Amino acid sequence: MFYCDKCKTLCEDNICNNCGASLRVADKGDFCFFTECDNYFGEILKDAFDKNKIPSSFLPYGSGVSTNFACKLENYRVYVPYEFYNAAVDVYNFFYDDLTEEYKNKLLKNIGEWYLKSERFEKKIKKTLKLLENKNLAEFLKKEIKNAESISDQGAIGGCKSGGHYLYVRANNCTIMFNSATYEVLAVNAKKK
Ligand SMILES: [Zn+2]
């Protein structure tokens, strides 16, 4: 593998995918960019790395809130030394399989924060789900999330000032997309039977 000193990324080719610089062969001590995560999962991941004796560096990075020092930064960029990179991938994968429960708890604990961009959007969703107008959508979604097959992080939402990620819920009757930071319900689609 090759390493970019500027971007701190690993590349398979000797040209950086990110900045186009020509690269040197990675050295075991090079701190390599591993992933981005919000502080909720950052703490869980840090713990898992520590338990597995994988050195790591979690650098907070801003999302416009850095001027407010009382407010914890939302996101981390995670780096691990090259020699531990594969071990870190194993830990991450192991623990990624297990994240559905974590996401369920996170979403259900914050049910009071859920919102939709408009009433019209809510109506549209109810129609898609064939829910009656007078039914409570949040109650419906709550049940779906409790029994969801899987919930996964689909990466950062571009332009989200709170540093939110797409949380994708695969439930029994529908799929739901949340903003992980603001809890906005971004999309609900009925599952094809
Ligand atoms: Zn680069």
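Scroll up to find the structure.
Caption draft 1: Summary view of the sheet that holds strand β3 (residues 24–25). Here three strands make up an open sheet; going across it, the order is β2-β1-β3 and the pairing antiparallel. Each end of this open sheet is capped by a strand with a single partner; those strands are β2 (9–11) and β3. Here strand β1 (residues 2–4) pairs with β3 via two bridges, running antiparallel. The residue bridging F2 from the neighbouring strand is V25, located in β3.

Caption draft 2: Region of the structure containing helix α5 (residues 137–146). The set of residues buried in α5 consists of L137, L141, E144 and I145. Buried residues along α5 cover an arc of 95 degrees about the axis, so they all sit on one side. For α5, the side-chain oxygen to backbone nitrogen distance between the N-cap and A138 is 2.9 Å, and the N-cap itself is N136.

Caption draft 3: Fine view of the environment of K192. With respect to the helices and strands, K192 occurs in the segment after β10 (185–190). Residue class for K192 comes out exposed when judged on its relative accessible area of 82%. Each C-alpha atom of the pair K192 and I54 lies 43 Å from the other, and the pair is 138 residues apart in sequence.

Caption draft 4: Quick look at the coordination of the zinc ion. Protein coordination of the zinc ion is provided by C4 (SG), C7 (SG), C16 (SG) and C19 (SG), with donor distances spanning 2.3 to 2.4 Å. Coordination at the zinc ion is tetrahedral, judged from the four donor atoms that bind it and the angles of 106 to 114 degrees they form at the metal. Counting along the primary sequence, the residues that act as donors to the zinc ion give the motif C-x2-C-x8-C-x2-C. Each of the two residues, C4 as well as C7, counts as buried.

Caption draft 5: Seen up close, the pattern of salt bridges. Under the counting rule described, the total for this entry stands at eight salt bridges. Notably, a salt bridge pairs K46 with D50, separated by 3.1 Å at the nearest N-O pair. One end of the pair is K46 and the other is D50, both in helix α1 (residues 39–51) and four residues apart, which spans about a single turn. With its nearest N and O atoms 3.1 Å apart, the salt bridge here joins D47 to K51. A residue pair is termed a helical-turn pair when its members lie 3 or 4 positions apart in one helix, as D47 and K51 do in helix α1 at four residues. For D47, a relative accessible area of 38% puts it in the partly exposed group. Where salt bridges share partners, they join D5, R24 and D30 into one cluster.

Caption draft 6: Layout of the packing of aromatic side chains. If you walk through the whole model with that rule in mind, you get eight aromatic pairs. Members of the aromatic cluster, each reached through a chain of ring pairs, are F34, F49, F58, Y76, Y85 and Y92. Here the guanidinium or amino end of K117 rests over the ring plane of F121, the centre of that ring lying 4.6 Å away.

Caption draft 7: Summary view of helix α4 (residues 119–129). Residues of α4 that are buried include every one of F121, I125, K126 and L129, and no others. Take α4 and look down its axis: the buried residues cluster within an arc of 140 degrees, on one side only. The outward face of α4, more than 90 degrees from its buried face, is lined by the exposed residues E119, R120, K124 and K127. Against the buried residues of α4 lie α5, β9 (174–179) and β10. Phi for K130, located one or two positions after α4, is positive at around 55 degrees.

About the criteria used
- Residues numbered from 1 in each chain as written.
- Predicted model: local features only at pLDDT ≥ 70, side-chain atom pairs only at ≥ 80, totals over all residues.
- Heavy atoms only, no water.
- Pairing = 2+ DSSP bridges.
- Helix = DSSP H or I, 4+ residues; strand = E, 2+ residues; numbered from the N terminus.
- Buried < 20%, exposed > 50% of the residue type's maximum accessible area, 1.4 Å probe, protein only.
- Arc of directions from axis to C-beta.
- Polar contact = N/O pair within 3.5 Å; in protein donor to acceptor, adjacent residues only side chain to side chain.
- Donors = N, O, S within 2.8 Å, 3.2 Å for Na, K, Ca; no water.
- Tetrahedral: all angles 85-135°; square planar, octahedral: opposite > 155°, others 65-115°.
- Salt bridge = Lys/Arg side-chain N within 4 Å of Asp/Glu carboxyl O.
- Phe/Tyr/Trp six-rings, centres within 6.5 Å; stacked < 30°, edge-to-face > 60°.
- Lys NZ or Arg CZ within 6 Å of the ring centre and 35° of its normal.
- Contact = heavy atoms within 4.5 Å.

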